Amino acid sequence: MVINFNELSEIPLQHMNNGEGTIFAKMMMSPESKIMYRRIPPECSIGRHVLFNSSETNFIISGEGKQICDGVEEYFSKGMCIYCPKDSSHSITNTGNQDLILFTVTKEF
């Protein structure tokens, strides 16, 4: 299956999981996974949430930010990958001055 993110509409998500500002996502969803192209503007974030039934892997296409996963603060930038396993909690914040672009795969259990 080919997913052409160039053909998908960008959806604005205000205060995602009680985060700051508006992030934008292009998503392909199925019962077993979500595959997303997400854009987080400067000073915006995805608020802390628990991954009760899934794990999440984020590849950083551009920008920089921080993740807090189970209380551990980790900084990341372009070319890195961040992972948060099932039953953990995490948040993602754009700490840079350009859009943070993530390619995200969520595996549902």
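Residues numbered from 1 in each chain as written. Predicted model: local features only at pLDDT ≥ 70, side-chain atom pairs only at ≥ 80, totals over all residues. Heavy atoms only, no water.

Take a nonpolar patch on the surface next. Where nonpolar side chains cluster on the molecular surface, the patch consists of Phe59, Ile61, Phe103 and Val105 and spans about 290 Å² of accessible area. Looking at the nonpolar patch, the elements that each hand over two or more residues are strand 5 (54-62) and strand 10 (100-108). Within the secondary structure layout, Phe103 lies in strand 10. For Phe103, a relative accessible area of 32% translates into the label partly exposed. (Patch = residues over 30% accessible without salt bridge, like charges linked within 9 Å, V, L, I, M, F, W, Y side chains within 5 Å. Areas by Shrake-Rupley, 256 points an atom, 1.4 Å probe, with all protein chains shown as cover. Salt bridge = Lys/Arg side-chain N within 4 Å of Asp/Glu carboxyl O. Helix = DSSP H or I, 4+ residues; strand = E, 2+ residues; numbered from the N terminus. Buried < 20%, exposed > 50% of the residue type's maximum accessible area, 1.4 Å probe, protein only.)

Right, let's get into the sheet that holds strand 1 (residues 11-14). The sheet built from six strands is open, its strands ordered 1-2-3-10-5-8 with antiparallel pairing. The open sheet has two edge strands, strand 1 and strand 8 (81-84), and neither has a second partner. This sheet shows a mean twist of 25° between the axes of neighbouring strands, independent of strand direction. For strand 3 (residues 33-40) and strand 10, the ladder comprises eight bridges, and the chain directions are antiparallel. Paired with Tyr37 across the strands is Phe103, a residue of strand 10. (Pairing = 2+ DSSP bridges. Axes fitted to C-alpha atoms, helices over the stretch in contact; angles between N-to-C directions.)

Let us now look at the sheet that holds strand 6 (residues 64-69). The strand order across the open sheet built from four strands is 4-9-6-7, with neighbouring strands paired in antiparallel fashion. The open sheet is flanked by strand 4 (45-50) and strand 7 (72-77), the only strands paired with a single partner. For this sheet, the mean angle separating the axes of adjacent strands, direction not counted, is 15°. In the sheet, strand 6 pairs with strand 9 (residues 89-94) via five bridges, with the strands oriented antiparallel. Residue Lys66 lies in a different strand from strand 9, and its bridge partner there is Thr93.

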